[in-house]
Amino acid sequence: MIMEKRYISIPEVIDLLSNREELTDLEKENLSYAEKFARIDPKEVKKVKDDILSIVDIPEKALVKILDLKPETPGELTAILSTYGVMITEENLNALTDYLKKLRF
């Protein structure tokens, strides 16, 4: 079996674990945690990822962190992106912030 390593967001954890027939105790705890802290509807993650990447091209790590934290100000978004060494234009920063503010969960 070949395992693929990739970053997944909290909403994607919900989607993965919810589709399993049986969960271990640890998986149940992880699902419970994910349901408490998800800030984006798991059903919308793919669309949201695509929308964000259409605004600005960023690394997967940064994209996942944005999905997990759903920043609502340019300052919060800049703090996340700078952690990954990502710099974007002010125009893209504002467009991305405006888009994230519109998301509801």
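In what follows, the accompanying structure is described.

What the chain contains, in helices and strands, is six helices and zero strands. Counting from the amino terminus, the chain carries its helices and strands in the arrangement α-α-α-α-α-α. A principal-axis box enclosing the C-alpha atoms of the chain has dimensions of 45 × 30 × 20 Å. By the burial criterion, 35% of the 105 residues in the chain qualify as buried. Within the chain, residue pairs in contact and separated by at least 24 positions form 55% of the contacts whose partners lie at least 6 positions apart. On the chain, roughly 7300 Å² of surface is accessible, and the fraction owed to carbon and sulfur atoms is 51%. The positive charge centre, built from 16 side chains, and the negative charge centre, built from 21, are 2 Å apart in the chain.

We now examine the pattern of salt bridges. Scanning all chains against the criterion turns up five salt bridges. Residue K49 pairs with E12 through a salt bridge whose shortest N-O separation is 2.8 Å. On the criterion of sequence distance, the pair formed by K49 in helix α3 (residues 45-55) and E12 in helix α1 (residues 10-18) is long-range, its members being 37 residues apart. For the pair K49 and E12, one class covers both residues: buried. For K46, the salt bridge goes to D50, with nearest N and O atoms at 3.2 Å. Of this pair, K46 and D50 both sit in helix α3, four residues apart, which is roughly one turn of the helix.

Here we take up the packing of helix α4 (residues 60-69) against helix α5 (residues 74-83). In the contact formed by α4 and α5, the axes pass within 9 Å of each other and the chain directions differ by 145°. When you trace α4 past α5, the crossing you get is right-handed. Here A62, K65, I66 and L69 of α4 come into contact with α5, specifically with L77, I80 and L81. Here the contact of α4 with α5 is composed, by residue class, of six nonpolar, no polar and one charged.

A few words on the nonpolar core. With 19 residues, the main nonpolar core has I52, I58, I66 and L100 as its most contacted residues. The set of elements that each furnish at least two residues to this core consists of α3, α4, α5 and α6 (90-102). Those residues in contact with L100 that sit more than four places away from it in its chain are I52, I66, K70, P71 and L77.

What follows deals with unusual backbone geometry. With phi around 45°, K70 is a residue other than glycine that occupies positive phi space. The topology assignment puts K70 in the loop between α4 and α5. Residue classification places K70 among the buried positions, given a relative accessible area of 10%.

Per the counting criterion, the structure on display carries one aromatic pair. Here the aromatic rings of Y33 and F37 are separated by 4.6 Å at their centres, their planes lie at 40°, and the arrangement is tilted. In this pair, Y33 and F37 are both assigned in helix α2 (residues 25-37), four residues apart and thus about one turn of the helix distant. The partly exposed category is assigned to Y33, whose relative accessible area is 47%.

The rules we used
Residues numbered from 1 in each chain as written. Predicted model: local features only at pLDDT ≥ 70, side-chain atom pairs only at ≥ 80, totals over all residues. Heavy atoms only, no water. Helix = DSSP H or I, 4+ residues; strand = E, 2+ residues; numbered from the N terminus. Buried < 20%, exposed > 50% of the residue type's maximum accessible area, 1.4 Å probe, protein only. Contact = heavy atoms within 4.5 Å. Areas by Shrake-Rupley, 256 points an atom, 1.4 Å probe, with all protein chains shown as cover. Lys, Arg positive; Asp, Glu negative; His and termini not counted. Charge placed at Lys NZ, Arg CZ, Asp CG, Glu CD. Salt bridge = Lys/Arg side-chain N within 4 Å of Asp/Glu carboxyl O. Axes fitted to C-alpha atoms, helices over the stretch in contact; angles between N-to-C directions. Left-handed = near helix turned anticlockwise from the far one by under 90°. Nonpolar A, V, L, I, M, F, W, Y, C, P; charged D, E, K, R; others polar. Core = buried A, V, L, I, M, F, W, Y, C linked by side-chain atoms within 4.5 Å. Phe/Tyr/Trp six-rings, centres within 6.5 Å; stacked < 30°, edge-to-face > 60°.

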